[in-house]
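Breakdown of the fold
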Amino acid sequence: EPEVTQTPSHQVTQMGQEVILRCVPISNHLYFYWYRQILGQKVEFLVSFYNNEISEKSEIFDDQFSVERPDGSNFTLKIRSTKLEDSAMYFCASRGGQGRHQPQHFGDGTRLSIL
Amino acid sequence: AQSVSQHNHHVILSEAASLELGCNYSYGGTVNLFWYVQYPGQHLQLLLKYFSGDPLVKGIKGFEAEFIKSKFSFNLRKPSVQWSDTAEYFCAVIRVNAGGTSYGKLTFGQGTILTVHP
């Protein structure tokens, strides 16, 4: 079964540094998402992306965050200047475009630790 | 704003016990409902989904859930759990727009950790 893949599995970064989290969605999917889960808290929506633009974003997704689909296969989340509170598990998800009822499929996540 | 609440943070059962995990959501419109499971060290996997029709839905590994619209609930059940069901379970909701599609964000509950003792 096709999978969403995320790299790296664990990223350790100094506060203030830029970090890029990478995702390869399922190949024929059209809708892409980033979520995060701070330890002990709920999985929270960050952003959705369709047709090469952001379709929705949460209040968490401020100017420090950006997303990009640079080459038709990768889907990246960039945090420009990381803060301690950005430490979390980040999940990428994708959804097919065929049919109205399609679930989102998730990757394994990237654990981001900010020091 | 919509929200999802799961009643139990941690449930501990012995093998062969029956399971019911509660999930309630707050949103008055049409929704699609999901249960995802996360086994230790693995990604979120879809356990089952409700879009429309029969409110009793069956998923993988013997799980089922019942959508009760009047109670805004979507509880997960399994008649007899196994040690391999040890995992974290997440209820999630997505709004259905006027056109009947659901491309937007998932709203998750806080998760329920299930520990099954052999």
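Keep in mind that this is a model prediction, so the values were computed, not measured.

1. So, the overall build of chain A
Check the secondary structure of chain A and you find 0 helices and 11 strands. Tracing chain A from N to C terminus, the helices and strands come up as β-β-β-β-β-β-β-β-β-β-β. Against the globule reference of 13 Å for 115 residues, chain A gives a C-alpha radius of gyration of 14 Å, in line with a compact fold. When its C-alpha atoms are laid out on the principal axes, chain A stretches across 45 × 25 × 25 Å. Going through the 115 residues of chain A one by one, you find that 46% of them count as buried. At a minimum sequence separation of 6, the contacts of chain A that also span at least 24 residues come to 54%. Element-wise, carbon and sulfur atoms account for 45% of the exposed surface of chain A, whose accessible area totals about 5900 Å². Across chain A, 11 positive and 14 negative side-chain charges occur, with their mean positions spaced 2 Å apart.

2. Here's the deal with the interface of chain B and chain A
Each partner contributes to the interface: chain B provides 24 residues, whereas chain A provides 19 residues. Interface area for chain B against chain A, summed over the two sides, is near 1900 Å², with a carbon-plus-sulfur share of 57%. One salt bridge connects Glu56 of chain A with Lys105 of chain B, and the closest N-O pair in it is separated by 3.9 Å. For the pair chain B and chain A, the number of links is 4 residue pairs in polar contact (both at pLDDT 80 or more). Elements that contribute at least two residues to the side of chain B that touches chain A include exactly strand 5 (31-38), strand 6 (44-50) and strand 10 (87-95) of chain B. Residues of the side of chain B that touches chain A, tallied by class, amount to 11 nonpolar, 11 polar and 2 charged.

3. Some remarks on the environment of Glu18 of chain A
All names here are of chain A. Relative to the helices and strands, Glu18 is located in the loop between strand 2 (10-13) and strand 3 (19-24). Sequence spacing of Glu18 and Lys78 is 60 residues, and the spatial spacing of their C-alpha atoms is 7.2 Å. Setting aside anything within four residues of it in sequence, one finds Glu18 in contact with Thr13, Lys78, Ile79 and Arg80.

4. Some thoughts on the pairing of strand 1 (residues 3-6) of chain B
Residue and element names in this part refer to chain B. Here strand 1 shows a buried face lined by Val4 and Gln6 and an unburied face lined by Ser3 and Ser5. With 4 bridges connecting them, strand 1 and strand 4 (residues 23-26) associate as antiparallel partners. Within the sheet, the bridge partner assigned to Ser5 lies in strand 4 and is Asn24.

5. Some thoughts on the state of the cysteines
Note: disulfide means a covalent bond formed between the sulfur atoms of two cysteine side chains. Under the defined criterion, the tally for this structure stands at 2 disulfides over all chains. Two residues share a disulfide in this structure: Cys23 of chain A and Cys92 of chain A, whose sulfurs sit 1.9 Å from each other. The S-S bond linking Cys23 of chain A to Cys92 of chain A shows a torsion near -65°; that makes this disulfide left-handed. Here the residue Cys23 of chain A occupies a position in strand 3, and Cys92 of chain A occupies one in strand 9 (residues 88-96), the gap between them amounting to 69 residues. Cys23 of chain A sits in the buried class, given a relative accessible area of 1%. Under the relative-accessibility criterion, Cys92 of chain A is labelled buried at 0%. The disulfide that involves Cys23 of chain B links it to Cys91 of chain B, with 1.9 Å between the sulfurs. Its torsion about the S-S bond being -65°, the disulfide of Cys23 of chain B and Cys91 of chain B is classed as left-handed. Here the residue Cys23 of chain B occupies a position in strand 4, and Cys91 of chain B occupies one in strand 10, the gap between them amounting to 68 residues.

6. Remarks on unusual backbone geometry
Trans is the common state for peptide bonds, and a negative phi is the common state for residues other than glycine. At the junction of Thr7 of chain A and Pro8 of chain A, the peptide bond is cis and its omega measures out at -10° in the coordinates. Here Pro8 of chain A is to be found in the loop between strand 1 (5-7) and strand 2. Even without being glycine, Asn52 of chain A reaches a positive phi, approximately 65°. Tracing the backbone shows Asn52 of chain A in the loop between strand 5 (43-50) and strand 6 (53-57). Here the phi dihedral of Ala16 of chain B falls at roughly 80°; this positive angle occurs in a residue that is not glycine. Within the secondary structure, Ala16 of chain B sits in the loop between strand 2 (10-14) and strand 3 (19-21).

7. Considerations on the pairing of strand 10 of chain B
Side-chain positions along a regular strand alternate between the two faces of the sheet. All names here are of chain B. Counting buried residues along strand 10, 8 of its 9 residues qualify, which places the element largely inside the surrounding structure. The pairing of strand 5 with strand 10 spans 8 bridges and is classified as antiparallel. Note on strand 10: the bridge partner recorded for Val37 is Tyr89. Pairing of strand 10 with strand 12 (residues 112-117), which is carried by 3 bridges, proceeds in the antiparallel orientation. Note on strand 12: the bridge partner recorded for Tyr89 is Thr112. Where strand 10 and strand 11 (residues 107-108) come together, 2 bridges link them in antiparallel fashion. Its bridge partner being in strand 11, Val93 is matched across the sheet by Thr107.

Thresholds applied
- Residues numbered from 1 in each chain as written.
- Chains lettered and ligands numbered in written order.
- Predicted model: local features only at pLDDT ≥ 70, side-chain atom pairs only at ≥ 80, totals over all residues.
- Heavy atoms only, no water.
- Helix = DSSP H or I, 4+ residues; strand = E, 2+ residues; numbered from the N terminus.
- Rg over C-alpha atoms; globule rule 2.2 N^0.38 Å.
- Buried < 20%, exposed > 50% of the residue type's maximum accessible area, 1.4 Å probe, protein only.
- Contact = heavy atoms within 4.5 Å.
- Areas by Shrake-Rupley, 256 points an atom, 1.4 Å probe, with all protein chains shown as cover.
- Lys, Arg positive; Asp, Glu negative; His and termini not counted.
- Charge placed at Lys NZ, Arg CZ, Asp CG, Glu CD.
- Buried area = accessible area lost by both parts, 1.4 Å probe.
- Salt bridge = Lys/Arg side-chain N within 4 Å of Asp/Glu carboxyl O.
- Polar contact = N/O pair within 3.5 Å; in protein donor to acceptor, adjacent residues only side chain to side chain.
- Nonpolar A, V, L, I, M, F, W, Y, C, P; charged D, E, K, R; others polar.
- Pairing = 2+ DSSP bridges.
- Disulfide = S-S within 2.5 Å.

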